[in-house]
Amino acid sequence: MDVDDKIRKIEEEIHKTPYNKATSHHIGKLKAKISKLKEDAIARGSSNTKGKGFHVKKSGDSTAVLVGFPSVGKSTLLNELTNADSKVGSYQFTTLDIIPGIMEYNGAQIQIFDVPGIITGASGGKGRGKEILSVARTADLILIVLDVFNPNHLNVIIKEIRDIGIRPNETPPDVSIRRKRIGGIHTSSTVPLTYLDDGTIRSILNEYGIHNGDVLIRDDVNIDKFIDAIEGNRTYIPTIVLLNKVDLVDDNYINEIKKNIPDFIPISADKKYNIDYLKEEIFSRVDLMRIYLKPQGRKVDLEDPLIIRKNATIIDVANKLHREFAKNFRHANVWGTSVKFPGQKVGPNHILEDEDILRIILKK
Ligand SMILES: Nc1nc2c(ncn2[C@@H]2O[C@H](COP(=O)(O)OP(=O)(O)OP(=O)(O)O)[C@@H](O)[C@H]2O)c(=O)[nH]1
Ligand SMILES: [Mg+2]
């Protein structure tokens, strides 16, 4: 029996088991088994892939990747969003390599990768799937591209990206597990737990060979998220779902799709429909912000903002500007939403917000 069969058998058993208080520890154990099998499969796959992984050279302030089945219009979209010229074809698997492009928006340079189409079984290595999905793992944003006639492919793509360890649009579970040598498992939580009880927690941990330790849970996680916390190697990536080629259907058709997929952006890469809105969404989801600098004794430069990650501090900005700036930092003044009054004096650890104006005062 190969790994896929093993996983399928356990999944069937989970499916057959009604979920309730009495069965939850059993389901927890089965889900832990599946997670371990998938991890093993990924580890094995990466050590014996004959081909080299794709060569990905990152540039720009942030990176997004287009993921989808063949022929859904990824390359057409890349060419529309960026300066790139990726080959477009009416046949499947036109794109065979990773094609980067740069989208300029709000003064930011966002790098977007066009990659070959993936198919069912990609995370298990089908059609270079694992290498393609590895590129997605390192991105700051995933753009899932669907063809308007195959919206149901979304489930396949979500499954594939989850199987490689990506958690699209999820926040990391606030769970800490401290192993000990003796004393059994002790669980404490700061919130009421709806999905987990002591028995379930213990049976999952036992599956991982953990029999003693302190577990502290700060958010109401379910079994899957608790397992993610134990595995500890998931990547949490914001994800946008795009429905492409909407030029080929009418509004009624799209409204029907909305019943099954709650959140997507309808676009037409070919007819350039909704592309500006998409650019704005991409910018807002890659978590960048614009900081306008006001050099001492001069006017603020509103034309050319400094682009930096959201939640960056004053000292992060100083470091990005010049090494000496951070070393000689005295204080800063800020105008904008992160401060209570305009020009407020702040220290190095003050967290900035989008479109703040910043003046850094250096030691003489
Ligand atoms: N009608 C319509 N056709 C589109 C649209 N976007 C792309 N196409 C067509 O769909 C076909 C596939 O487009 P590509 O951009 O090559 O698709 P891809 O996803 O990059 O395909 P692979 O590289 O094979 O994975 C081409 O014939 C495009 O002209 C669209 O918005 N509307
Ligand atoms: Mg392509």
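About the criteria used
Residues numbered from 1 in each chain as written. Chains lettered and ligands numbered in written order. Predicted model: local features only at pLDDT ≥ 70, side-chain atom pairs only at ≥ 80, totals over all residues. Heavy atoms only, no water. Domains from an automatic or database assignment. Contact = heavy atoms within 4.5 Å. Buried area = accessible area lost by both parts, 1.4 Å probe. Salt bridge = Lys/Arg side-chain N within 4 Å of Asp/Glu carboxyl O. Polar contact = N/O pair within 3.5 Å; in protein donor to acceptor, adjacent residues only side chain to side chain. Helix = DSSP H or I, 4+ residues; strand = E, 2+ residues; numbered from the N terminus. Nonpolar A, V, L, I, M, F, W, Y, C, P; charged D, E, K, R; others polar. Phe/Tyr/Trp six-rings, centres within 6.5 Å; stacked < 30°, edge-to-face > 60°. Buried < 20%, exposed > 50% of the residue type's maximum accessible area, 1.4 Å probe, protein only. Pairing = 2+ DSSP bridges. Right-handed = clockwise from strand over helix to strand, strands pointing away.

This part takes up the domain arrangement of the protein. What the domain assignment lists for the protein is domain 1 (3–48 + 173–231), domain 2 (62–170 + 235–285) and domain 3 (290–362). Taking only C-alpha atoms, the centre of domain 1 and the centre of domain 2 are 31 Å apart. In this assembly, 8 residues from domain 1 lie in contact with 6 residues from domain 2. Summed over both sides, the interface between domain 1 and domain 2 buries roughly 620 Å², with carbon and sulfur atoms accounting for 47% of that surface. When the area that domain 1 buries against domain 2 is broken down by residue, the three leading residues are K38, I42 and D228, summing to 61%. Taken together, the connections running from domain 1 to domain 2 amount to 2 salt bridges. Across the pair R167 and D228 runs a salt bridge, and its minimum N-O distance is 2.8 Å. For the interface between domain 1 and domain 2, the tally reads 2 residue pairs in polar contact (both at pLDDT 80 or more). Mapped by element, the contributors of at least two residues to the side of domain 1 that touches domain 2 are α2 (24–48) and α7 (223–231). Tallying contributions element by element places α2 first for the side of domain 1 that touches domain 2, with 5 residues. Considering only residue class, the side of domain 1 that touches domain 2 consists of 3 nonpolar, 2 polar and 3 charged.

Right, let's talk about the packing of aromatic side chains for a bit. The description of two aromatic rings rests on the distance between their centres and on the angle between their planes. According to the stated counting rule, one finds 2 aromatic pairs in the structure shown. Relative to F283, the ring of Y105 has its centre 5.9 Å away and its plane inclined at 50 degrees; by these criteria the two rings are tilted. Pair noted here: Y105 is in strand β2 (residues 99–105) and F283 is in helix α9 (residues 275–285), with a separation of 178 residues, a long-range link. When its relative accessible area of 6% is taken as the criterion, F283 is described as buried. Consider the rings of F149 and Y253, whose centres lie 6.0 Å apart with planes at 75 degrees: the pair is edge-to-face.

The next thing to look at is the pairing of strand β7 (residues 185–189). Of the strand pairs in this sheet, β7 and strand β8 (residues 213–217) are connected by 5 bridges, and their pairing is parallel. By the bridge assignment, S189 is partnered in β8 with I217. In this region the chain leaves β7, passes through helix α6 (residues 198–207) and returns to the parallel neighbour β8; the handedness of that crossover is left-handed.

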